[in-house]
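Structural description and commentary
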Amino acid sequence: MSELTFTLLRLGYLVLLWVFVLSAVAVLRRDLAGPRTASGRRRRPELAGPAPTPAPGGGAPRAPQRGGPSRLVVVAGPLTGTTIPLTSSGVLIGRAPSCTLVLDDDYSSSRHARIFPQGGQWFVEDLGSTNGTYIGEERVQGILPLAPGVGVQIGQSVVELQG
Amino acid sequence: MSALRPEENAPTRVAEALLLVVALALGMGGMWMVGHSIDNSLPEGFWTYSIVLAALAFTAHIVLRLRAPYADQVILPAVILLNSVSMATILRQDLAGIDGANASRHLMWTALGIIVACVALFVIKDHRSLRRLTYTAMIVGIVLVILPLVPGLGREINGARIWIYIGNFSLQPAEFAKIAFAVFFAGYLVANRDTLALAGKKFLGLQLPRLRDLGPILIVWAVSLAVLIGEKDLGTSLLFFGLFVGMLYLATDRVGWIVIGLAMFGAGAVVAWSIFSHVQLRVNIWLDAFNPDLMTGHSYQLVQGLFAMSYGGMFGAGWGEGYPEYIPFAFSDFIYASLGEELGLTGLLAILLIYLVIVQRGLRHAVGVRDGFGKLLAGGLAFVMALQLFVVVGGITRVIPLTGLTLPFMAQGGSSLLANWIVIALMLRISDAARRPSALPTRGALADPVPAAASGDAIAVGGAGPVQAETEAGAGRGATPDDATQIVRGVDR
């Protein structure tokens, strides 16, 4: 094997080594956006697009919202700043470790309240808590619709839906 | 809830297959060039080595497709690349007639390693099942560490008592103890991290743990000191202790543990240095490598390694054009220097980056996986690989004193290959769990804000509403409560 061939092969080998490294990194780059979630590899296009016109719903409290609230944020209380991404399964709030949002709060019941979606609208439901769930001064009895930005008082904490 | 049917869009793992082809081409190319540069012919056994490596690599690929379809696609090709490049290096030294380099033996251990990894993927269906073995793993780890000290079983070679001999068969049990300890630490810490993180006084801005919570760390410290004193093995001792401190930090997020760990290690190291002559010698070799008295004797290996890397320069001498015969143990402890001679700095940096990719994947899946045990295990295994790499490469390049650890997947040596392939199997298993689509949102990811039921139905805010919602919520929570709390923890930290 001539000197020239060997040098070319030697350098070519290093190039191929780096091709491997760079293509491995290219595969990794797909991960930088975060791990895959339930909605698949990428967010569905219709979610990223503009919100479609609300369906005409006579007498309904609010039309179904696409691109509605995406997270539940604790705005007051010991866990202020905590954010929970919303899913279609809703959020259970209370002291029990099985809750989605676990409050370490003596004023909260173990399964205190639930915030869940139904028909494109979010609702809050008090699960028979001792000290009650409040929207403003009003105590939540049964199920009430919940708009984004409206604070819900649970024990010492206030949570709200945010876009 | 289409997301609950994961079978539909399981990845086809094309990226992995393509990367495997490149990795195998690099291994075969290396062997081809080795043969042509030494004998000007195809090296003996070229096709055996190539075909066996390729068959093993694609077997592992198919096993992953079947058993862990969501597992990371980069880890396997990266490891195969390291393993087949080391195959070429060892074949090259075997052809040059270097005493101890044995390519067919290396191939045999590689095959065994990959097969064991595949079996592990079949047997361990869920990494969480390992959590039940927490304290078993502790006992296994301690026994493995102590085995070389048993008279008749252990034997002292080159000043370190880290091997055991059963008949003709030699093993380095510490490599396996590494895995056992990682499992134990992960299981122990996931159960106790709150006490370790929250109880105790604050001192100078550091949260110091309570004295009674220090028990396990003291035990590990004692074990690593026993390794240091009884087996004269600096590297393994550093590895175990570093693993525990690193995992404590992962579990508790308290810098105090790192400070305490470093202080304890520093104290142990100073005491060892002042008591043991072999530790002093190691430090002298490190600080004063080019001293003519040492260069012909104790620091000969280190200095020859440095000369080799300097001869390799930027682009290396080329496969088969170096002088590995001048470096003692160029096929095992000093394979990094030998690689540097023939591939140059460019090649070494590529190899280091591939290790970095593997470590990064491990840490990435530690972030992604939902259960605390998996997080700690993946994080710990990735960390211990990074630490081992630092100790080996740092020792060879004279950044830290030289210790006798092996470069994972590259150094010739059965225990190291086998143990590290098991580590890779665990990493792949955890990565499968981490990347498997789940109905629960992962930390930092925006969840689908539109419920499945939103498709144009008139809204029913009545008696039926909550019942229906309840079942839906119940279906959505296919995961355990543990997962849910994990998310909140992940979020508020």
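Residues numbered from 1 in each chain as written. Chains lettered and ligands numbered in written order. Predicted model: local features only at pLDDT ≥ 70, side-chain atom pairs only at ≥ 80, totals over all residues.

**Things to note about the overall build of chain A**
What counts here: Think of it this way: any DSSP run of H or I at least four residues long counts as a helix, any run of E at least two long counts as a strand, and we number them from the N terminus. Counting other C-beta atoms within 10 Å of its own, a residue is labelled buried from 20 upward, exposed at 12 or fewer, and partly exposed in the gap between, with every C-beta atom placed from the backbone. Note that contacts rest on C-beta atoms placed from the backbone: two residues are in contact if these are within 7 Å.
The helix and strand inventory of chain A stands at two helices and 11 strands. The order of helices and strands in chain A, counted from the N terminus, is α-α-β-β-β-β-β-β-β-β-β-β-β. Looking at the 163 residues of chain A, the share that counts as buried comes to 39%. Intrachain contacts of chain A at a sequence separation of at least 6 include 38% that bridge at least 24 residues.

**Examining the pairing of strand E2 (residues 160-166) of chain B**
Keep this limit in mind: Strands are labelled as partners when DSSP assigns at least two bridges between them.
As defined by bridge partners, strand E1 (residues 154-157) of chain B adjoins E2 of chain B across three bridges and the pair is classed as antiparallel. Within the sheet, the bridge partner assigned to Arg155 of chain B lies in E2 of chain B and is Trp163 of chain B.

**Notes on the confidence of the model for chain B**
All names here are of chain B. Under the convention used in this document: Confidence scores per residue from the predictor, reported as pLDDT, run from 0 to 100.
When pLDDT is averaged along chain B, the result is 81, and 82% of the positions lie at 70 or above. Note that residues 442-493 has pLDDT below 50 and, in this model, 101 contacts with residues that lie over four places away or in other chains. Note on the complex model: pTM 0.73, ipTM 0.81.

**A closer look at the environment of Thr87 of chain A**
Among the secondary structure elements, Thr87 of chain A is positioned in the loop between strand E2 (83-85) and strand E3 (91-94). Here the alpha-carbon distance between Thr87 of chain A and Phe116 of chain A, two residues 29 residues apart in the chain, equals 8.5 Å.

**Here we look at the sheet that holds E1 of chain B**
Residue and element names in this part refer to chain B. Here is the rule: Inter-axis angles, ranging from 0 to 180 degrees, are taken between N-to-C directions of lines fitted to C-alpha atoms, where helices are fitted over the stretch in contact.
If you trace the three strands from one edge of the open sheet to the other, you get E1-E2-E3, paired in antiparallel fashion. Strand pairing shows two members of the sheet lacking a second neighbour, E1 and strand E3 (169-171), which therefore form its edges. Averaged over neighbouring strand pairs, the angle between their axes works out to 40 degrees when direction is ignored. Of the strand pairs in this sheet, E2 and E3 are connected by three bridges, and their pairing is antiparallel. From the neighbouring strand, Tyr165 faces E3, where its bridge partner is Ser170.

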